[in-house]
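For reference, the chains in residue letters:
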Amino acid sequence: MLFLVAALMLFGVVLGTVAHAPLTVTALIATGIAVWLGVFAIRERHGRRRRTQAN
């Protein structure tokens, strides 16, 4: 998942509008997205365990 965020950030720096933002802003946004995806994955995994145990 983090590899995907890094690849998308690199792609954005090379080809997208991210190239116009400072590198620190881009890195902060990429870090925020990585944290968001990590929290989402943990919540999904936790939710599936809870539903499986209830059945």
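You'll find the structure just up there.
The present account deals with the structure reproduced in this document. Just so you know, the residues in each chain are numbered from 1, in the order the chain's sequence is written. Whole-chain, interface and lining totals are the exception, using all residues; otherwise, since this is a predicted model, local features are given only for residues with pLDDT of at least 70 and side-chain atom pairs are given and counted only at 80 or more. Where side-chain values are given, they derive from all heavy atoms of the structure, hydrogens and water being excluded.

1. Focus on the overall build of the protein
Stated formally: Runs of E in the DSSP output that reach at least two residues are strands. Runs of H or I that reach at least four are helices, and both are numbered from the N terminus. Remark: exposure states derive from per-residue accessible area (1.4 Å probe, protein chains only) relative to the maximum for the residue type, with buried under 20%, exposed over 50%, and partly exposed in between. The protein chains shown are the only cover counted for residues, whose accessible areas, like all others here, come from Shrake-Rupley with a 1.4 Å probe.
Secondary structure summary: the protein contains 2 helices and 0 strands in total. For the protein, the proportion of its 55 residues judged to be buried stands at 9%. Of the roughly 4,900 Å² that the protein leaves accessible, carbon and sulfur atoms contribute 70%.

2. Notes on a nonpolar patch on the surface
Condition: To count toward a patch, a residue needs a relative accessible area over 30% and no salt bridge; like charges are then connected within 9 Å, while nonpolar side chains (Val, Leu, Ile, Met, Phe, Trp, Tyr) are connected within 5 Å. Salt bridge criterion: a side-chain nitrogen from Lys or Arg within 4 Å of a carboxyl oxygen from Asp or Glu.
Together, L10, F11, V13, V14, L15 and L23 line one region of the surface with nonpolar side chains, adding up to about 630 Å² of accessible area. If you tally residues by element for the nonpolar patch, the top one is helix α1 (residues 2-15), at 5 residues. Relative to the assigned elements, V14 resides in helix α1. By relative accessible area, V14 is classed as exposed at 60%.

3. Side note on the environment of V13
Its place among the elements puts V13 in helix α1. Along the backbone, V13 and T26 are 13 residues apart, and their C-alpha atoms lie at a distance of 8.2 Å.

The values are spatial; any link to function lies outside them.
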